[in-house]
Each structure stands twice: as structure tokens, then as C-alpha cells.
Amino acid sequence: MSEELVTSVQEMLNEEKWTRATISNYTKNNFLELAATLAKAREENCIQEVKAVCDEHLTHTKNSIIALYLSGMLGLKLKALDNSALVNLITIFLDNHKNNIVIFLCESILVEDETNKFALRTLADCYKDDNNEKIWSIYETIVRIDFEEADMAKILAEHYEKEGLGDDAVDYFKKALLRYVTRKSVNQIKEIWTKLVSMIPEEIDFFYLVQRKIAKTISEDKSALLMQELYVFYKDAKNWNVAIDILKLVLTIDEKDSWARKEIVDCFRGKYAEHSQLEEYIRVSNLTQSWRNVFEAISDFEKHIAFDAKNYVFHRSWGVGIIRTVEGDEISINFGKKYGVRQMSLKMAVDALQPLQNDHIWVLKATKSKEALAKKVKEDKAWALKTIIKSFGNNCDFKRVKAELVPGILEAGQWTSWSTSARKILETDATFGVNPNDISMFTVRERAISQEEKLSNEFKAQKQFFARIDILMKFTSDADTESDLFADMFSYFTGYLRAFSNVTEQILAAFLVVRRITAAHPHLDPGIQYTFAQLFAEIENPNTMYSALKDTKNTFLRKDFLSCIKTLLSDWADVYIRLFPTVLQGDMLTALIAEGHISKVKQLVVNCFENYRDYREAVIFFFKECQEEEWFNEVNISYEKQVITLIHIIDLTYREIANHRETTENRKINRQIQVLLFKNDTLLNYFMKSDVDTITRLYTLIDDVKDLDPSIKMNMRNKILEKNPGFKFFGTEEKTVVTKGLIVTSKMYESKKQQLDHITSVDIPANSKEIGEALALGDLRENAEYKAAKERQAQLNVMATRLQDEIERAQIFDPTTITTIRISFGTTVILQNNTTGEKEEYTILGPWESDPDNKIISYMSPFGNAILNGKVGEKINFTINERDFEFTVVSIEAASF
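Residues numbered from 1 in each chain as written. Predicted model: local features only at pLDDT ≥ 70, side-chain atom pairs only at ≥ 80, totals over all residues. Heavy atoms only, no water.

1. A look at the overall build of the chain
Here comes step 1: Of regular secondary structure, the chain possesses 44 helices and 14 strands.
Here comes step 2: Taking 897 residues into account, the globule formula puts the C-alpha radius of gyration at 29 Å, and the chain, at 41 Å, lies well above it.
Here comes step 3: Principal-axis analysis of the C-alpha atoms gives the chain an extent of 130 × 100 × 45 Å.
Here comes step 4: Counting only residues that meet the buried cut, the chain has 47% of its 897 residues in that class. (Helix = DSSP H or I, 4+ residues; strand = E, 2+ residues; numbered from the N terminus. Rg over C-alpha atoms; globule rule 2.2 N^0.38 Å. Buried < 20%, exposed > 50% of the residue type's maximum accessible area, 1.4 Å probe, protein only.)

Below you can see the structure in the form of C-alpha cells.
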């Protein structure tokens, strides 16, 4: 059937060529007939063949209406980037003034591709000529998909304003303004700015955003002129704080601006009209004098103006105080019961005191009970955050928030849950923002802003590349992606793809981000001229590249990287095999096996175990995750060989840690294997099912790992002896413990920690106080108290250092591991002294518990070490300090401790 259709199309093309139908004879019905041919091509799955016939025909008959239509529409079905056939077709009918055909063709194109810009713009022109009301929806679509289109946004805004749809008008005026800024169209910017100031003057954050863009893309001076227009509204509304902030911004751009300086004086007079010293402070700060630096004058004025009766201040030694009176140049301040009322000159007060607002967190802590404040902070976290942030110049990080709350208001144990909720509020509440220059600093806004503006501000403040990706992806889920702010953020990443010399992790990440977003929003496609395969070919080391991709809460870079490899590379299986030791995802193995690459997976396992030094984490993965897999068992790597490989890796990591090589990574691998083999008793359970030769081989390897926790070795020896009482250990295992560890009881461990804590928190501070008091006595050469205190200081430091070292080396003994088969830690033994004939009882513990007078001896002492591992009935001979001993072990029991 498909061959018949292709032949039919060929005949249609030939007939058209010979009959030479005129353009004027074409009607919609002709194209409806051709549309039926398109439907058949889809049904019979021969789109490519039909398109090929049409394309070949166009090489020698470029104006063939049938070929242009079929090729163009089939190209849309194939998502082809080249739509020149449709452009040529529509141009032919435009030139012949066949608007009805043009409209039909454009509408047909938009059924297949609703974001086709050529069809939309052509249709808009036709609707405009016909005064068709559909033009507004077309304009909306164009503005939505083309973030450079400013004129249509302005036309839409004016239309909706005329229709009384204020919100829609404002939305499109905003779009137009932002786009005109990008185009640097100064006249249009001025016009729309004035319009928006009249419509939404209270949206101060939006105007600040536009001001920053204008200052960056056009000039700071022009941005300042526009802000002057907005300032008039706030001055007239007597919103002095915002008016002053605008003037400070203007003065930041030009500190010589005499108009702004005069206006800020007027605003200060309005804001502080009730202040008793207003004019005096304007005078002494030289705020009206042009010779004085304006910001120095403002700073002086704002310091002085804060000093008025009933205002609060802070002194670094006396704390929070309240001003009682201001008389001339003298100020009287009450610092509470402890420091009382203090008198000082105004000049001294300005230098020594920090003015505080009545709702400053320090004022609240000084004037309210801890209980009442804690209750308020717990119940209203947003209030607490706003209070603290505003207390520090509306620019405060989370460390400061914690410092103000813990322990002054909240207990340390309450902080974690409180901070989790507080961070969520900072993230979602639109009245909170971030400093545009520092993402870690939070601010409080006078009014809530849109989620789009909030995320845009965070994006600008964030300087880290991968963190910016996180914000962009958060925008796609939480905000309106049709916003111009989103397009602005998106263009940051498309900019990376326009020109680069080598493929870095940023280039690859940008490609993956753009690919993911354009899949959901095709109109944003920047038209990248290279494929993933071409990009991948430039990557020197895919494993290093994968590791360099930094995923965050909202990003899927690594997942997308793997997906592109599988779907877009012909040799994906080989790439997956190479990447697996880095990625370590079971889904990769499943995909490989499902696609018939099981032999490659098996060879990968063999390579990893044979080259375990290079593939440590892959070995761990296979051991942990693949034991039950049939294909893994078919590789025929015995369980014993797997365990031996893991033990070798443990030993290797210890040696590299000692040599300071990749310490963090080696410690992580070491912990993983210890959990696998020892914490879960995997190895012990294997021992219990194995013969003596297997146990001997494996335990000898474990014993050779000198840095392994001695208590692990002791526990394994005890279990081995329980199963095989006559088991003979070889080599260094005859020692029950190694000296590197320090085995202790939990009771003594806690006692030593308390002792260290007392020394550091009680004895040493007390000693420091003694030294200070001794210093106050004068001449140190004849100062016995000072010398005694310094000697005590040295003793305490030595004691603290020794205790800290021992605590760090301590391994708490597990009483459940006690065995009475041999003399070991935690046992009480009765020995027959073969020299005197008397029986002697000893309890074997550690050096911390040692009490020879009560027959408790350390396993690390010469005597304790000599009798370790003795069994009932065994004779033990040894010499200590040239004295010979001979004992027979009578009994071994578990000690009580």
C-alpha cells in the first residue's frame, strides 16, 4: 500500500508540472485533498518516503505547490528544523494576495506546531488586515513564546487597559518593559515606566529589579532618573522609609546630585518631625552642606537622630539601655539594675553606643521574660525571623539567627526542629528575600513579591553554577515558566552553548538543562547546532565528567547524562560498562542484561575483582547487591574469594590513610566494608559454616590487618574458639589484643569522660582565674602564688592531653563477647601457683580498671599479657623482672563488672 501511495504522489507532482495550474485556481478544497494524502502517509507509515519524493521534485521544480505543501507538513510531523518549504509556499500565496489560503495554511501549520513563529506572525498580519478579533490570542501566543517580542506585549497591554482588564494590562506592560530594557530602547522604557508608576507604584521590588537591569545594560544615570519619578509617589504618600531608600540609591549613583541631597533632608524632616533635636542634628551632621560627603553626613545624622528620650541603645559592656533624658549635649541612660543610670556627652554616645529600634531583638530580650519570648518565637517563626533580620540592617544570615536564639531564647535541643521549619518559611514566604550580592544573607520585604521575582532574585544572588541550575529547575515546578524572568535565567545557560573551546562539566550541564527544558517547552529551543554524540566525543574522561556533575534537590543532571548515553549513542553498552564503577547503579546492569549484553556485565565483574585496587566500590557493590543474582553466580567468583578481596581492600585503605592519600574516600570505603563483614556478622556466619582450613586462611588475613579494631579480632577469636575449642591460631594472633587499641569497660569510659570534662570546664577556668588574680599582685619574680598557679596550669594541661588521647584510643568492651574458653579480657581466673602450692584469683580488665590490691590486673601489664589465652589445665611459664613464674590454670569464669 505504501508503494502505491508514493507512486500516486509522484503522479500528482508530474500532473501538476504538465498542467501548470495557476495560483489563482487554488482553493482550500485543493489543500483538503492534499491533507488526506498526508493522513494516508501517516497511516501507512511512509512519511519519509513521500517526503523524499517531494524534496527531490523541488530540486528542479522549486515552486511546486503540492511538493512544497507535502514536504513542509511532513517535515512538521518529523520535527524537522528546516521549514523553508512552508515559508516558500505561504510567500507565494501572500505575493498573490490569497489571504484566505494563507490563513488556512497558517492555521493548519499551528495544528501540528502551535509555536511555529513564522505561521503565527503571518497569521497575525492577516488577522490585522481583516480586523479579526482572533489577533489578540495570536499576539498572546507570540509574546509567550518569543521573549524578544516587546512591541506586541505593549500592544496587548494597551488593549487590555482599554478593555478595563487592569491585571492583564500590568502583566503585559511589565513584559514589554523588561524586553525593551534588553533591547536598550530608551524612549519606550521611559514611556512604559511612567505608565507602570501610575498603575502599580507600590510594587517597589519590581521597579528595583528593572532599575538594576537598566543600570547594567544601559546606564546607571538613566536608571537614577527613572527612580526619581517613582520617588515622587512615595514622598507624596509620606512613606519616608522607601522614599529615603530611593534617594540613597540615587546618591549612590551620583553623590553630587544636589536635588537628591535636598530631597533627603526634606524626607528626614518629615520622618522625624516629632523629634526634639531634629534641626540640631541636621546642623551638626552638616547634612545640608555640599562640602561634606553626603553619606558621611547621612551616617552622622542617623546616629544622632536615634538619641532621643525613650529610645533604646546598646553598649558592649553594659548591654541594652533606655535613654531617659536628652538635655543639650548631655544624655542620661538607664542600663538597668546591674549598671544603673549613666551620664555621657552626645559626642561620646555617638561613638560608644549603638542605637536600637524598639523592636530590635536585643531590646526584646532585655525587656521581656525568656519564657514569654520563647513562646512567641515557637508559635510565630515568621515573626521571629523578620524581627532578627530587621534588627541587623535587614541583611542577616542564618548563623546570626541561631546566635540570637540559642541559648538566650531556645534550648540547644530545640534548635534543629525550629530551624527546619524556619528555613522552609524563608524558602516559600514571598515576604522574605535574599541580598542580590550574597545568597546567604536574608532580607525582609515591605510587601510580598511573586514567586517568579523571588526565584529570579535568588538566581542573581547565587554565584555557584550548579546551585543556579537548582533554582532554574525549581522555577519550572513552582513558578510561571512563561515569565520573562525565567527566559532571562534560561538564557544564562544557553549562553554557555554558543561558543566554547572544550567540553567542561558546565558546558555539559548547560546542554542537559537546555535539553530537558526545551523538551517541555519547545518554543524555548535555542537551535543548538550540535548533537549529544558530538559533545560526548569531546569528553576526555566520561567517569570524571559524571562525578563532576553536581546534582541538587531539584536537578537530574546525572540521570539525564546516563539517559542521553543510552538513547543517543550507538556504543552505549560499552560506555555503560566503563561508567559503572563510578555510577554504581543497579539499573545500569539491568538495562545491559535486558539488551543482551550479559557477557559484558560478567566480564566487568571479573575485571573489578581482579583489579580491586582500582575498582574498590564496585567490588563492594557486587558483594552487597548481587549475591542472589543468577548471572552473578555464573561468573564463578567464590564467596571466599569475594571476602578475601574485601579484606585486601580494608588493608589497602588503612595503609593509604596512614600515608594521607585520599583519606576521606578511603575512610568511607573502610567503613562500608567493616559494616558488611563485621557489624552484620556476615563473616562470622560464614565462619560458622566453614571448615577449619577456610577459617584459618581468612582469619590469618584479618589478623594481618594491623590497624583493624582489636575488639573485632577478639570477638572473632572467641567465636572461633566456641565452635572449634582446639583451634590453633598462627602468627601475631597469639596476642589477644594489639597495643594500638585500649579496651575499656563502658562504666570506666564514662568516668574518664566526666573527669576530662571537669578538668576542662572547672579546673582549667578556675586555674586561669587564679593566674589572673596572681598577676594583679604585681612583681612576678617574687610572686609565689603566680608560680604555683602556672605549675598547676601545666599539670592540668598534661592531664587533659593524656586523657583526651586515651579516650580517643578507647574501644568499649562488649560484655556479650566474653568467652571462658581462654583467659581474656573480662574473665576471672583461678591459678594454681606451682611454686607455693597456693591458689591465686585474678580479674583481667584494662589499664583504666587496674587495681592490683584487689587482684584486678590489666591485660596490658607484663603479668596480664603473660597469662592471656591460657586454657583450663594448661601450665603457663614466664619470667618478669628476672623472676620465674609457673602456674596451672584451674578455672576461667566471666567477671562481674
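Now, onward.
2. A short note on the packing of aromatic side chains
Here comes step 1: Tallied over the entire structure, the rule returns 52 aromatic pairs.
Here comes step 2: Arranged with centres 6.1 Å apart and planes meeting at 25 degrees, the rings of Phe-878 and Phe-887 form a pair that is stacked.
Here comes step 3: The class of Phe-887 is buried, set by a relative accessible area of 1%.
Here comes step 4: These aromatic residues form a ring-pair network of at least three members: Phe-459, Phe-465, Phe-466, Tyr-492, Phe-493 and Tyr-496.
Here comes step 5: One Lys or Arg, Arg-342, reaches over the ring of Trp-318 and ends 4.3 Å from the middle of that ring. (Phe/Tyr/Trp six-rings, centres within 6.5 Å; stacked < 30°, edge-to-face > 60°. Lys NZ or Arg CZ within 6 Å of the ring centre and 35° of its normal.)

3. Focus: the packing of helix H11 (residues 186–199) against helix H12 (residues 204–217)
Here comes step 1: Contact geometry of H11 with H12 gives a least axis separation of 12 Å together with a crossing angle of 165 degrees. Considered as vectors, H11 and H12 are oriented roughly antiparallel to each other. As H11 packs across H12, the resulting crossing turns out to be left-handed. Of the residues in H12, those in contact with Ile-189, Trp-193, Leu-196 and Val-197 of H11 are Phe-206, Phe-207, Val-210, Gln-211 and Ile-214.
Here comes step 2: Looking at the contact of H11 with H12 residue by residue, the class counts come to 8 nonpolar, 1 polar and no charged. (Axes fitted to C-alpha atoms, helices over the stretch in contact; angles between N-to-C directions. Parallel < 35°, antiparallel > 145°, perpendicular 65-115°, else oblique. Left-handed = near helix turned anticlockwise from the far one by under 90°. Contact = heavy atoms within 4.5 Å. Nonpolar A, V, L, I, M, F, W, Y, C, P; charged D, E, K, R; others polar.)

4. Some points on the nonpolar core
Here comes step 1: Among the nonpolar cores identified, the biggest contains 124 residues, and Phe-31, Phe-93, Ile-246 and Phe-307 are the most heavily contacted of them.
Here comes step 2: If one sorts the elements of this core by residue count, helix H14 (residues 240–253) sits on top with 10 residues.
Here comes step 3: Setting aside chain neighbours within four positions, we find Phe-93 in contact with Ile-23, Tyr-26, Phe-31, Ile-65, Lys-98, Ile-101, Val-102 and Leu-105.
Here comes step 4: Counting 96 residues, the second-largest nonpolar core is a separate cluster that includes Phe-493, Val-605, Ala-618 and Met-716. (Core = buried A, V, L, I, M, F, W, Y, C linked by side-chain atoms within 4.5 Å.)

5. Brief notes about the environment of Phe-432
Here comes step 1: Assignment of secondary structure puts Phe-432 in strand E6 (residues 432–435).
Here comes step 2: With relative accessibility at 0%, the residue Phe-432 sits in the buried group.
Here comes step 3: Not counting residues up to four positions away in its chain, the partners in contact with Phe-432 are Ala-382, Leu-385, Lys-386, Ile-389, Ile-425, Leu-426, Thr-443, Val-444, Arg-445 and Lys-454.

6. Some remarks on the confidence of the model for the chain
Here comes step 1: On average, residues of the chain carry a pLDDT of 90, and 97% of them reach 70 or more.
Here comes step 2: Here residues 731–739 is modelled with pLDDT under 50, and outside its nearest four sequence neighbours on either side it reaches 23 contacts, counting other chains as well. (pLDDT = per-residue confidence, 0-100.)

7. Some points on the pairing of strand E13 (residues 875–880)
The side chains of a regular strand alternate, residue by residue, between the two faces of the sheet.
Here comes step 1: What you see with E13 is a clean split: Ile-876, Phe-878 and Ile-880 sit on the buried side and Lys-875, Asn-877 and Thr-879 on the side with no burial.
Here comes step 2: With 6 bridges joining them, E13 and strand E14 (residues 883–894) adopt antiparallel strand pairing. The residue bridging Phe-878 from the neighbouring strand is Phe-885, located in E14.
Here comes step 3: Once E13 ends, the chain turns through 2 residues before running back antiparallel as E14, passing Asn-881 with a positive phi of about 50 degrees. (Pairing = 2+ DSSP bridges.)

8. Describing a negative patch on the surface
Here comes step 1: The grouping of Asp-167, Asp-168, Asp-171 and Asp-480 at the surface amounts to a negative patch.
Here comes step 2: Here Asp-171 lies in helix H10 (residues 166–183). (Patch = residues over 30% accessible without salt bridge, like charges linked within 9 Å, V, L, I, M, F, W, Y side chains within 5 Å. Areas by Shrake-Rupley, 256 points an atom, 1.4 Å probe, with all protein chains shown as cover. Salt bridge = Lys/Arg side-chain N within 4 Å of Asp/Glu carboxyl O. Lys, Arg positive; Asp, Glu negative; His and termini not counted. Charge placed at Lys NZ, Arg CZ, Asp CG, Glu CD.)

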